[in-house]
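Topology and contacts: notes
Spelled out, the chains give:
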Amino acid sequence: MKKIKKLPARNEVPHADTWDLSSLFADDAAWEQAFRKWERRIPGYQRFCGQLASDPATLAACLRFDCDLDRWGERLGGYAYLKAAEDQADSRYQAMLARFQNVATRAGEAASYIRPEILAISAAKINQWCEAKELKPYRLMLQRILRYKKHTLGKREEGLLAMQGEMAQTASKTFRQLHDADLKFGSITNERGEQVELGNATFLQVLQSPQRSVRRAAFTQYYQQFQAHENTLAATLSGSIHTDAYYARARGYDSSLAAALFPDNVPQAVYDNLIQAVHRRLPAVHRYYDLRRRKMRLRDLHHYDTYVPILTEQSTRHTWDEAVQLVLGALHPLGGEYTAALERGLCARWCDRYPNRGKQSGAFSSGSYDGDPYILMNYKPDVLEDVFTLAHEAGHSMHSYYSARQQPFQYYNYTIFVAEVASTFNEQLLCQHLLQQADDGPRRAYLLNREIDSIRATIVRQTMFAEFEKITHEMAESGRPLTVQTFKEVYRQLLEQYFGPDFALDDELALECFRIPHFYRAFYVYKYATGLSAAIALSRRVLGGGAQELNGYLNFLQAGCSKDPLDLLRDAGVDMASPEPVETALSHFEQLVAELDRLL
Ligand SMILES: [Zn+2]
């Protein structure tokens, strides 16, 4: 019998391979003490309630108090969250996290009067107050709140909207229950003859099977369930879209899309440019599918043939220390200060390295204002993708590192719109670095294929989703019916455009629109596409430029959220309001496809 290697228990993991959380709290007892103190301070919110319109000093004192409590909360929550991630079966830390969340909710409730009170102060008065010395640190924060003034209703209407918050979740909750719990997909026999239970998590794994009959069977069997529930799924998706449309209308936005772009202050041109730029380059995407079909020696290419790598991964092995050195070498263009700080951090145990029993899967970076920017990994030395993951998470952590050093607490935390720029920028540098080292052999081809598929998945596919969201919301807003048929028609048309005339589109694929959880959080995925486009444009700028280009990028990392996302990126050298960055990314894609074609 084959012996299965068991993962170590958390307490068996060598100390040096774990993170050192002492920058947050020395130990659990220190956390406990700070937690109690924090909890005791919550009633302190009361003394400002109803007073914010009286004078700048009171408003400033309230904001200072609120930021201070937030900052404590971030540190306490960070420690509890990271401890809980170490071993999810350890009830001590699950309890710690639950206690934290409970008190954080109470703190949120105690602070909930702040925004409405500020919004009730006249714009003229607030603008005048912002000149006061004590309010200077909060000027941008106040301006950001005041932007919402024209979309804020009267007290009674706001109360009614708040009351229906729970009901508004019904469509997405119903979808999640059906998708995550009630749908049963059965099991499938994989290429090694093993029975694998088919589910949302294993579906993509099985689609990477080198054996086509396995991929095809998984595809057919998986979509049978969506077919069987298509009426329910169309109803939940339509419900979610109508909810978005209702709130946008109630608050006086021009559309659901306008409402979704409002928090980042992103003009709709960014969204439209993205879709148009991708459309212009679709012939290159179609050429890639043809290349894939030829290299896989298939007569026709189906969707279930698009996830398996064209080449099998070259056997590689990087110990942890080698991976760190490889990443540091790749990030060399970012300058000695960046790489030295990262190296110091990794030596000082920012990172929890390997899997253990009960540890949270995947990887993440968790920055905080007062502690180190920690990284959770489940590193496997024989998986090259894990080296990319390390570069990615290091990008997030260094972003936190720089912004926490340069910004006050209220402006340090970067938004999602820019977050994935710093991480995928590092992946770009690692890819360039590895390509430089690789000769024209299979390793180079593997790297090119990896990069092509990642651009396709992040820019092309997410843009198709973004376009579907735009079309279906416009349909709801103009009173056109959203039914099983109309959803599938819209989706099928997009599939035809994005996959091209020579792609073998199976009818089932139109059901894909009923299985994407992101559609229940509309107008979010476009940020993946703009993020990677910006990262590709910026990394090329830094690699091809000099001190000015590098400083532009480092300043971006230091800027946190001290400006709107588009302004931060513009300062660094990319204008996301123009189609240029997306076009640069896609012409890069075209070059990669051409090179891979020559190589194989
Ligand atoms: Zn990320």
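Structural data are supplied above this passage.
An account of the accompanying structure is given in this report. Everything quoted here is computed from the prediction, not taken from an experiment.

A closer look at the pattern of salt bridges
Scanning the entire structure with this criterion turns up 45 salt bridges. The partner of glutamate 590 in a salt bridge is arginine 281, with the nearest N and O atoms 2.5 Å apart. With a gap of 309 residues between them, glutamate 590 in helix H24 (residues 580-599) and arginine 281 in the loop between helix H13 (268-280) and helix H14 (282-295) connect regions that are remote in the sequence. Using a relative accessible area of 24% as the deciding quantity, one classes glutamate 590 as partly exposed. Of the residues examined, arginine 281 reaches a relative accessible area of 22% and is grouped as partly exposed.

Some thoughts on the side chain of glutamate 117
For glutamate 117, the location among the structural elements is in helix H4 (residues 114-120). The buried charged residue glutamate 117 lacks any salt bridge, with lysine 155 as its nearest oppositely charged partner at 8.1 Å. Here the side chain of glutamate 117 touches glycine 50 through a polar contact of 2.5 Å, landing on its backbone nitrogen. What glutamate 117 contacts, discounting residues up to four positions off in sequence, is Phe48, Cys49, Gly50, Gln51 and Leu52.

Considerations on the coordination of the zinc ion
Taken together, His392 (NE2), His396 (NE2), Glu420 (OE) and Glu420 (OE) make up the full set of protein donors to the zinc ion, lying 2.1 to 2.6 Å away. Coordination geometry of the zinc ion: the four donor atoms subtend angles of 51 to 137° at the metal centre, consistent with an arrangement described as irregular. Site description for the zinc ion: donor spacing in sequence, H-x3-H-x23-E. Taken as a pair, histidine 392 and histidine 396 lie in helix H17 (residues 384-406) at a separation of four residues, close to a single helical turn. The residues histidine 392 and histidine 396 share a single accessibility class, namely buried.

Overview of helix H3 (residues 91-110)
End to end, H3 covers 29 Å across 20 residues, agreeing with the expected 28 Å (1.5 Å per residue, within 8%). Listed as buried for H3 are Tyr93, Met96, Leu97, Phe100, Val103 and Ala107. The buried residues of H3 all sit within an arc of 135° when viewed along its axis, so they share a single face. Set apart from the buried face of H3 by more than 90 degrees, the exposed residues are Ser91 and Glu109. On its buried face, H3 sits against helix H1 (28-41) and helix H2 (56-86).

So, the packing of H13 against H24
Packing of H13 against H24 brings their axes to within 9 Å, and their N-to-C directions diverge by 30°. Here H13 is positioned roughly parallel relative to H24, judged by the angle of their axes. Crossing angle aside, the handedness with which H13 passes H24 is right-handed. Facing H13, whose interface residues are Leu274, Ala277, Val278 and Arg280, H24 presents Val582, Glu583 and Leu586.

What to know about empty space enclosed by the protein
By the definition in use, this model includes two cavities of 30 Å³ or more. In this structure, the largest cavity spans a volume of roughly 40 Å³. Considering the residues around the largest cavity, the lining is formed by Gln428, Gln432, Ile536, Ser539, Arg540, Leu543 and His588. Those elements giving two or more residues to the lining of the largest cavity turn out to be helix H18 (416-437) and helix H21 (526-544). Among the elements that line the lining of the largest cavity, the one with the most residues is H21, at four residues. Class assignment for the residues of the lining of the largest cavity results in two nonpolar, four polar and one charged. There is about 30 Å³ of room inside the second largest cavity. As for the second largest cavity, its lining consists of Leu237, Ile241, Phe468, Glu469, Thr472, His473, Phe519 and Ala522.

Comments concerning the state of the cysteines
Across all of its chains, the model carries zero disulfides by this definition. The cysteine cysteine 62 is free of any disulfide, with cysteine 49 supplying the nearest cysteine sulfur at 8.9 Å. With a relative accessible area of 0%, cysteine 62 lands in the buried category. Looking at the unpaired cysteine 561, the closest cysteine sulfur is the one in cysteine 67, lying at 10 Å.

Some remarks on the packing of aromatic side chains
In total, this model carries 46 aromatic pairs according to the counting rule given. Ring geometry for tryptophan 19 and tyrosine 374: centres 6.1 Å apart, planes at 70°, overall edge-to-face. One end of the pair, tryptophan 19, is in the segment before H1; the other, tyrosine 374, is in strand E5 (residues 374-376), with 355 residues separating them in the sequence. The same class applies to tryptophan 19 as to tyrosine 374, namely buried. Between tyrosine 222 and tyrosine 223, the ring centres sit 5.6 Å apart and the planes meet at 80°, which makes this aromatic pair edge-to-face. Here tyrosine 222 matches tyrosine 223 in class, with each residue buried. Connected via pairs of aromatic rings, a cluster forms that spans Phe185, Phe203, Phe219, Tyr222, Tyr223, Phe226 and Tyr304. Over the ring of phenylalanine 262 we find arginine 147, and its NZ or CZ is 3.9 Å from the ring centre. Of note, arginine 405 hangs over the ring of tyrosine 401, and the distance from its end group to the ring centre comes to 3.8 Å.

What counts, and where the lines are drawn
- Residues numbered from 1 in each chain as written.
- Predicted model: local features only at pLDDT ≥ 70, side-chain atom pairs only at ≥ 80, totals over all residues.
- Heavy atoms only, no water.
- Salt bridge = Lys/Arg side-chain N within 4 Å of Asp/Glu carboxyl O.
- Helix = DSSP H or I, 4+ residues; strand = E, 2+ residues; numbered from the N terminus.
- Buried < 20%, exposed > 50% of the residue type's maximum accessible area, 1.4 Å probe, protein only.
- Lys, Arg positive; Asp, Glu negative; His and termini not counted.
- Polar contact = N/O pair within 3.5 Å; in protein donor to acceptor, adjacent residues only side chain to side chain.
- Contact = heavy atoms within 4.5 Å.
- Donors = N, O, S within 2.8 Å, 3.2 Å for Na, K, Ca; no water.
- Tetrahedral: all angles 85-135°; square planar, octahedral: opposite > 155°, others 65-115°.
- Expected span 1.5 Å × (residues − 1).
- Arc of directions from axis to C-beta.
- Axes fitted to C-alpha atoms, helices over the stretch in contact; angles between N-to-C directions.
- Parallel < 35°, antiparallel > 145°, perpendicular 65-115°, else oblique.
- Left-handed = near helix turned anticlockwise from the far one by under 90°.
- 1 Å grid on protein atoms, 1.4 Å probe; cavity = no way out; pocket = protein on both sides within 12 Å on 5 of 7 lines; lining within 4 Å.
- Points joined across faces, edges and corners; volume = space filled by probe spheres on them.
- Nonpolar A, V, L, I, M, F, W, Y, C, P; charged D, E, K, R; others polar.
- Disulfide = S-S within 2.5 Å.
- Phe/Tyr/Trp six-rings, centres within 6.5 Å; stacked < 30°, edge-to-face > 60°.
- Lys NZ or Arg CZ within 6 Å of the ring centre and 35° of its normal.

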